[in-house]
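# Architecture at a glance
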Amino acid sequence: MTSNPVTVTAAYRVVLGREADFHSWGWAMLGASARQPGFLGGGVLVDGEAEWHVVYRFATEDTARAWEDSAARVEWDDRALGIARQTDRRSVRGSKAWFDAQTPAPKAPAPPSKWKLWFVNMSAVFPPVLLFNLIVLPYLGDLNPFIRTLLLCLCVTALVTWILMPRLQRFFKKWLYPPLQALRGRHKRRTA
């Protein structure tokens, strides 16, 4: 193996329902490229549901270019027309480049503003405190104020911690952490 093999990655957007056809096409195309001089290997990869990748490697830049410019390669691209659309193609020399960061990592989202946190906390705390004061405290009027307050805090804290806050955080997630949706890939992807 040479010290600078070339790895080519082609990204495709597959037509819905044609995933199996694309998978067969990708492996058949790799079988054809394996007959070319300098072929080192390849594979078909799925990136979630959005993109598929065909990756192959040649010993030198010349052997990779010979396959890319060949009539056989153009014929394989024509066969994929009804199955998928190529969205990106990248060629990298050597293996070190695959371990270097190609794009900067997204920044961690900023915490929600204080007023949003206050609103969610008040939404979780106010209803159980009100209900406890209206329903339970009249029956505990003879108890020591310390014990009465302790019971209120224990009950409300348990309700807020295990029942109300998790539900409210899920409900207000997009409002509290809008950048998180983009970081997790739930934003609209760019089409090439």
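Now for a look at the structure at hand. (Residues numbered from 1 in each chain as written. Predicted model: local features only at pLDDT ≥ 70, side-chain atom pairs only at ≥ 80, totals over all residues. Heavy atoms only, no water.)

## Some details on the overall build of the protein chain
Each helix and strand in the protein chain was counted, giving 7 helices and 4 strands. Taking the contacts inside the protein chain whose residues are at least 6 apart along the sequence as the reference set, 69% of them involve residues at least 24 apart. Total accessible area computed for the protein chain in this model is approximately 13,100 Å², and 63% of it derives from carbon and sulfur atoms. (Helix = DSSP H or I, 4+ residues; strand = E, 2+ residues; numbered from the N terminus. Contact = heavy atoms within 4.5 Å. Areas by Shrake-Rupley, 256 points an atom, 1.4 Å probe, with all protein chains shown as cover.)

## What about the packing of helix 4 (residues 114-136) against helix 5 (residues 145-171)?
Relative orientation of the contacting elements helix 4 and helix 5 amounts to 140°, with a least axis distance of 9 Å. Considered as vectors, helix 4 and helix 5 are oriented oblique to each other. Every pair of crossing elements has a handedness; the one defined by helix 4 and helix 5 is right-handed. Each of V120, N121, S123, A124, V125, P128, V129 and F132 in helix 4 lies in contact with helix 5, whose residues at this interface are L151, L152, C155, V156, L159, V160, L164, M165 and L168. Looking at the contact of helix 4 with helix 5, its residues break down into 15 nonpolar, 2 polar and no charged. (Axes fitted to C-alpha atoms, helices over the stretch in contact; angles between N-to-C directions. Parallel < 35°, antiparallel > 145°, perpendicular 65-115°, else oblique. Left-handed = near helix turned anticlockwise from the far one by under 90°. Nonpolar A, V, L, I, M, F, W, Y, C, P; charged D, E, K, R; others polar.)

## Some thoughts on the pairing of strand 1 (residues 6-14)
Most of strand 1 sits out of view: 8 of its 9 residues are buried. Summarising the sheet, strand 1 and strand 4 (residues 84-93) pair through 9 bridges and their orientation is antiparallel. Along strand 4, the bridge assignment pairs A11 with D88. (Buried < 20%, exposed > 50% of the residue type's maximum accessible area, 1.4 Å probe, protein only. Pairing = 2+ DSSP bridges.)

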